[in-house]
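Residue strings, one per chain:
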Amino acid sequence: QVQLVESGGGLVQAGGSLRLSCAASGSIFSINDMGWYRQAPGKQREVVAFVTNGGSANYGDSVKGRVTISRDNAKNTVYLQMNRLKPEDTAVYYCVGLRNTVVAGPGYDYWGQGTQVTVSS
């Protein structure tokens, strides 16, 4: 199995910055792409950013230009640098590792417990 542990969430003022980290442990070869989702109360879960094993990044439309995702494979850690934060960014942010079905077989992706990000106006 895979364990994902997020850190770095907290309270920031609008316009501020925050850096989230996600450290993976366990059967790390069971993971392909890694990234971040977020969910605010009463809203659907939405993708924030994903990065492949090779470092290719993709971003959700709502955060493009304000966030940068990176991956350190040697440390089995993914980072999400968030800048110019808005109150609309307030949500629980979840780290996700997409399941490598070649290694692990069919099944669910791997999810962290989430970290709260609150942006005040």
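Residues numbered from 1 in each chain as written. Predicted model: local features only at pLDDT ≥ 70, side-chain atom pairs only at ≥ 80, totals over all residues. Heavy atoms only, no water.

1. Regarding the packing of aromatic side chains
Argument step 1. Throughout the structure, instances matching the rule amount to 3 aromatic pairs.
Argument step 2. Between Tyr37 and Trp111, the ring centres sit 5.3 Å apart and the planes meet at 45°, which makes this aromatic pair tilted. Within this pair, whereas Tyr37 is found in strand S4 (residues 31-39), its partner Trp111 is found in strand S10 (residues 110-111), the two being separated by 74 residues in sequence.
Argument step 3. A residue is classified by how much of its surface remains accessible, and Trp111, at 33% relative accessible area, is partly exposed.
Argument step 4. Ring centres of Tyr94 and Trp111 lie 6.3 Å apart, and the angle between their planes is 75°; this geometry places the pair in the edge-to-face category. (Phe/Tyr/Trp six-rings, centres within 6.5 Å; stacked < 30°, edge-to-face > 60°. Helix = DSSP H or I, 4+ residues; strand = E, 2+ residues; numbered from the N terminus. Buried < 20%, exposed > 50% of the residue type's maximum accessible area, 1.4 Å probe, protein only.)

2. Some words on the side chain of Arg38
Argument step 1. Secondary-structure assignment places Arg38 in strand S4.
Argument step 2. Exposure remark for Arg38: the relative accessible area of 5% places this residue in the buried category.
Argument step 3. Here Glu46 takes part through its side chain, which lies 2.6 Å from a polar atom of the side chain of Arg38.
Argument step 4. Among the polar contacts listed, one links the side chain of Arg38 to the side chain of Asp89, at a separation of 2.8 Å. (Polar contact = N/O pair within 3.5 Å; in protein donor to acceptor, adjacent residues only side chain to side chain.)

3. Some points on the pattern of salt bridges
Argument step 1. Counting across every chain of the model gives 4 salt bridges.
Argument step 2. Between Glu46 and Arg38 there is a salt bridge, with its nearest N and O atoms 2.6 Å apart.
Argument step 3. In this structure, Arg38 and Asp89 form a salt bridge, with 2.8 Å as the shortest nitrogen-oxygen distance. One end of the pair, Arg38, is in strand S4; the other, Asp89, is in the loop between strand S8 (77-82) and strand S9 (91-99), and 51 residues separate them in sequence. One exposure class covers both Arg38 and Asp89, and it is buried.
Argument step 4. One connected set of salt bridges, linked through shared partners, spans Arg38, Glu46, Arg66 and Asp89. (Salt bridge = Lys/Arg side-chain N within 4 Å of Asp/Glu carboxyl O.)

4. Things to note about the side chain of Ser30
Argument step 1. For Ser30, the location among the structural elements is in the loop between strand S3 (18-26) and S4.
Argument step 2. Ser30 gets classed as buried once you look at its relative accessible area, which sits at 7%.
Argument step 3. If sequence neighbours within four positions are ignored, Ser30 has contacts with Val2, Leu98, Arg99, Asn100, Val103, Ala104 and Tyr110. (Contact = heavy atoms within 4.5 Å.)

5. Overview of the pairing of strand S7 (residues 67-72)
Argument step 1. Taken together, the 6 bridges between S7 and S8 define a ladder with antiparallel strand orientation. Paired with Ser70 across the bridge in S8 is Tyr79.
Argument step 2. Between S7 and the antiparallel strand that follows it, S8, lie 4 residues; Asn76 among them carries a positive phi value of about 55°. (Pairing = 2+ DSSP bridges.)

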